[in-house]
Amino acid sequence: MKPVTLAHRLLARLKVEPGAVVPHDALYRAMWPDGAPERRDEILREIASRIRRGLPPGHALIAIWGKGYVLLQGVRVRG
């Protein structure tokens, strides 16, 4: 069995409420159940960016929205 990565935890938490803004604190708890590291903001941005680059065009979009992130499914982004 593959280990659960931070990226899996982030995406799984966003999928619980697609289209809803998930606050940073809720994402930290999902990603680091035993306590988030000091660099949590930077790590969260890096992981979200990696996931965005790996998603096929038109599939979904992870966006920063206010004080959280949102998973928008079926979004078409024009470049």
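Our structure's up above, just so we're on the same page.
What you see is a predicted model, and the numbers here were worked out from it, not measured in a lab.

Scoring rules and cut-offs
- Residues numbered from 1 in each chain as written.
- Predicted model: local features only at pLDDT ≥ 70, side-chain atom pairs only at ≥ 80, totals over all residues.
- Heavy atoms only, no water.
- Helix = DSSP H or I, 4+ residues; strand = E, 2+ residues; numbered from the N terminus.
- Buried < 20%, exposed > 50% of the residue type's maximum accessible area, 1.4 Å probe, protein only.
- Contact = heavy atoms within 4.5 Å.
- Areas by Shrake-Rupley, 256 points an atom, 1.4 Å probe, with all protein chains shown as cover.
- Core = buried A, V, L, I, M, F, W, Y, C linked by side-chain atoms within 4.5 Å.
- Pairing = 2+ DSSP bridges.

Colleague: Explanation requested: the overall build of the chain in the structure shown.
Modeller: Broken down by element type, the chain carries three helices and three strands. Listed N to C, the secondary structure of the chain is α-β-α-α-β-β in terms of helices and strands. The proportion of buried residues among the 79 residues of the chain is 28%. Considering only residue pairs separated by 6 or more positions, the chain has 44% of its internal contacts joining residues 24 or more positions apart. When the accessible surface of the chain is split by element, carbon and sulfur atoms take 54% of a total near 5600 Å².

Colleague: How should the nonpolar core be read in this particular structure?
Modeller: Side chains of nonpolar character tend, in soluble globular proteins, to be buried together. In this structure, Leu10, Leu14, Leu27, Leu44, Ile62 and Tyr69 are the most contacted members of the largest nonpolar core, which totals 18 residues. Where this core is concerned, the elements lending two or more residues are α1 (6–16), α2 (24–31), α3 (40–54), β2 (60–65) and β3 (68–73). By residue number, the principal contributor to this core is α3, which donates five residues.

Colleague: Just checking my understanding: could you explain the pairing of β3 for this structure?
Modeller: Bridge count between strand β1 (residues 22–23) and β3: two bridges; the pairing is antiparallel. Bridging from a neighbouring strand, proline 23 pairs with glycine 68 of β3. Here β2 pairs with β3 via six bridges, running antiparallel. When the sheet's bridge partners are listed, alanine 63 is paired in β3 with valine 70.

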